[in-house]
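Single-letter residue listing:
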Amino acid sequence: MKKIVLTTLILCLLAPLAKAQTMKFPATLMFTSECCGVPSDSSVLKMIRHFKKQYKIKTISWYHIGPLGKEGEYNMAFPLTELKAAQKRIFIKKLQKLTLFAGGPGHLTLSTDYILDKSSLSGRSKIEKQKL
């Protein structure tokens, strides 16, 4: 009986730690490279500034996840907790349009409902919260 109680107690204590290893994001921009670096994030930041002004939002936050590769690849993961449901849909559509017209080296890809497994990141990768 003591073993069952002890096992249950240990599992209850470890369950939150397992959840802390993953993060879910409604929208994630992936900056990737083929040979010569990643695209600039200036168009993304410009779109965020315009979106904030248009919808009177104080801040939009994201997580900078990287470096993920040899040429500076990284992700911008948006939790979008500051936005209402309709604003989230509009914001994601605007991000999709940015991926179609991304210029410069590398590629810009949008992933929706992205789940980040922290244990899969390399030792040099960092997850840093950013705000605009």
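Before reading on, note that the structure itself is shown above.
Being a predicted model, the structure only gives us computed values, none of them experimental.

Reading guide: rules and limits
- Counting starts from 1 at the beginning of each chain's written sequence and moves along it residue by residue.
- Totals for whole chains, interfaces and linings use every residue, but because this is a predicted model, local features are given only for residues with pLDDT of at least 70 and side-chain atom pairs only at 80 or more, for both listing and counting.
- Excluded from the side-chain calculations are hydrogens and water; all other atoms, namely the structure's heavy atoms, are used.
- Counting from the N terminus, the helices are DSSP H or I runs at least four residues long and the strands are E runs at least two residues long.
- Only protein chains enter the area calculation, which uses a 1.4 Å probe; residues under 20% of their type maximum are buried, those over 50% are exposed, and those in between are partly exposed.
- Throughout, a contact is declared for two residues whenever any of their heavy atoms are within 4.5 Å.
- Shrake-Rupley sampling with a 1.4 Å probe provides the accessible areas, and residues are treated as covered by the protein chains on show and by no other component.
- Here, expected helix span is obtained from the residue count minus one, scaled by 1.5 Å.
- In this description, one arc is meant: the one made by directions from the helix axis to the C-beta atoms.
- Our working definition of a disulfide is a cysteine sulfur pair at a distance within 2.5 Å.

Visitor: Would you take a moment to explain the overall build of the protein chain for this structure?
Guide: Counting its regular elements, the protein chain contains three helices and five strands. The N-to-C order of helical and strand elements in the protein chain reads α-β-α-β-β-α-β-β. Considering the protein chain as a whole, with its 132 residues, one finds that 33% of them fall into the buried category. Taking contacts inside the protein chain between residues at least 6 apart in sequence as the whole, the part at least 24 apart equals 73%. Summing over all exposed atoms, the protein chain offers an accessible surface of approximately 8700 Å²; the carbon and sulfur share of this is 60%.

Visitor: I would appreciate a short explanation of helix α2 (residues 42–55) in the present structure.
Guide: The periodicity of an α-helix, 3.6 residues per turn, causes residues three or four places apart in sequence to face the same way. Counted at 1.5 Å a residue, the expected span for α2 with its 14 residues is 20 Å, and the 20 Å between its end C-alpha atoms agrees. Buried within α2 we find Val44, Leu45, Met47, Ile48, Phe51 and Lys52. Seen end-on, α2 carries its buried residues on one side only, within an arc spanning 160 degrees. Away from its buried face, by an angle of more than 90 degrees, α2 presents the exposed residues Lys46 and Lys53. Looking at the buried residues of α2, the elements they touch are β1 (22–32), β2 (61–66), β3 (74–78), α3 (85–100) and β4 (107–117). Looking at the residues trailing α2, positive phi occurs at Lys56, about 55 degrees.

Visitor: What is the right way to look at the state of the cysteines in this model?
Guide: Here, disulfide denotes a covalent bond that connects the sulfur atoms of two cysteines. Applying the stated rule across the entire model yields one disulfide. One disulfide bridge connects Cys35 with Cys36, the sulfur atoms lying 2.4 Å from each other. Between Cys35 and Cys36, the S-S dihedral sits near -80 degrees, and the bridge is therefore left-handed. The exposure classification of Cys35 matches that of Cys36, with both residues exposed.

In short, shape yes, function no, at least from these values alone.
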